[in-house]
Structure formats: structure tokens, C-alpha cells
Amino acid sequence: MKPMQSVEPPLTAYPPHMTERLSIRPLRPSDAEALQVLTDDPAITERVIFLPSPFTLADGEAVIGSNDEENCFLGIWLEDALIGVVGTHLRPGNQLEIGYWFGPAVHRRGYATEAVSAVMAKVREIYPDRQLIAQCVLENKPSWNLLHKLGFRPTGEPGQWAGRALLKLADC
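Residues numbered from 1 in each chain as written. Predicted model: local features only at pLDDT ≥ 70, side-chain atom pairs only at ≥ 80, totals over all residues. Heavy atoms only, no water.

Peer 1: What is the right way to look at the side chain of Arg130 in this model?
Peer 2: Topologically, Arg130 is positioned in the loop between helix H4 (111-126) and strand S6 (131-137). Only 2.8 Å separates the side chain of Arg130 from the side chain of Glu8, close enough to count as a polar contact. Only 2.9 Å separates the side chain of Arg130 from the backbone oxygen of Gln95, close enough to count as a polar contact. Excluding anything up to four places from it in sequence, Arg130 contacts Glu8, Leu90, Arg91, Asn94, Gln95 and Leu96. (Helix = DSSP H or I, 4+ residues; strand = E, 2+ residues; numbered from the N terminus. Polar contact = N/O pair within 3.5 Å; in protein donor to acceptor, adjacent residues only side chain to side chain. Contact = heavy atoms within 4.5 Å.)

Peer 1: I'm lost on the packing of helix H1 (residues 32-39) against helix H3 (residues 57-65) in this one. Help?
Peer 2: Two packed helices can be described by the angle between their axes and the distance between those axes. One way to put it is that H1 packs onto H3 with a least axis distance of 8 Å and a crossing angle of 115 degrees. Taken as axis vectors, H1 and H3 run roughly perpendicular relative to one another. Between H1 and H3 lies a crossing whose hand is right-handed. Seen from H1, the contacting residues are Ala32, Glu33, Leu35 and Gln36; seen from H3, they are Leu57, Gly60, Glu61, Val63 and Ile64. Taken together, the residues of the contact of H1 with H3 sort by class into 5 nonpolar, 2 polar and 2 charged. (Axes fitted to C-alpha atoms, helices over the stretch in contact; angles between N-to-C directions. Parallel < 35°, antiparallel > 145°, perpendicular 65-115°, else oblique. Left-handed = near helix turned anticlockwise from the far one by under 90°. Nonpolar A, V, L, I, M, F, W, Y, C, P; charged D, E, K, R; others polar.)

Laid out in C-alpha cells, this is it:
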């Protein structure tokens with residue numbers, strides 16, 4: 001008799017939760033306008049390779065519509081304002097990739113650290129056997145610093161996208 005294999009829940013089953021200041025939940029269709037307002041900023045679209053510029057309402061709907069068993073974009077909310085997005089993506093080789101963007105108006109206030117670390121804790125709870133990875137633009141010092149603070153280290157390998165490096169969570 002074969003041992004039972006555990007079945008991972010789909011990423012769209014990611015449970016809503018709170019941090020001290022933020023609420024985190026999967027983006028839903030009613031969030032498309034807030035996502036468009038947040039994301040239609042060259043400071044974001046120039047860094048996140050798959051985001052078009054300008055970022056339209058239809059683009060927001062498409063990002064939200066891409067949430068499925070292997071991809072989930074989580075809204076990061078400060079009270080009623082969408083201030084950021086954390087993407088979670090199941091990857092081959094038992095990996096789970098985390099990516100993010102936050103509005104420039106909330107930079108340097110600790111929200112990204114708070115949100116990304118909370119998402120990391122939750123996905124490690126739900127997917128304990130997955131290696132957490134991230135990709136980062138080489139010139140994006142603030143993102144490099146955040147990933148380093150959270151325990152990610154460069155692997156020396158290129159990322160999936162041109163100009164990006166692959167990082168892995170060091171304690172996994």
C-alpha cells in the first residue's frame with residue numbers, strides 16, 4: 001500500500017489575516033479599481049516586469065483574474081486603503097516565490113517588512129515543505145535590503161526575468 005501523499009491547498013485558499021497595523025487577503029474583483037490606482041505609477045510599473053504602463057482598470061482585473069491554484073495576489077490594506085500587493089506563486093522544484101510592490105507614499109514606514117514577513121509566516125505554515133524564493137532587480141537597493149532583512153540570500157543564479165537575481169530564504 002502506498003503512503004498517502006499530502007495534498008497542498010490551492011493558493012486561492014490563502015486565509016485573510018491581520019498584523020498589528022495591516023489586513024492581508026486575496027484580491028477580489030471588487031478591488032480592481034483600488035489596484036489600478038495603487039499600481040498605475042511608473043515607480044511600480046518600471047520595477048515589476050509583468051505590469052504594463054499605464055496600468056489600467058482592465059490590467060487590474062487581469063491581475064486579480066490570474067489568481068488560481070498556483071498564483072495568488074494578496075492585497076495589503078491599511079484601514080480601507082490598498083497600500084501594497086504581495087504575490088505568492090507555486091513554482092516547480094517545490095518552491096514558492098514571493099514578490100511585492102507598495103505605493104511610494106508608504107515607503108520607509110515598515111509596512112512592506114510587516115506585510116511580507118506576515119505572508120512568509122503564513123505560507124510557511126500552509127506549505128511547510130516549500131522553499132521560499134524571491135527575485136530582485138539588481139539595482140533595486142530598497143528591495144534587496146528588505147529581502148536581506150527577511151532572511152533571503154542570493155543564490156548566485158539569475159532569476160526567471162532578465163536583470164533579476166534569484167534569492168532563497170536562508171533558513172530553509
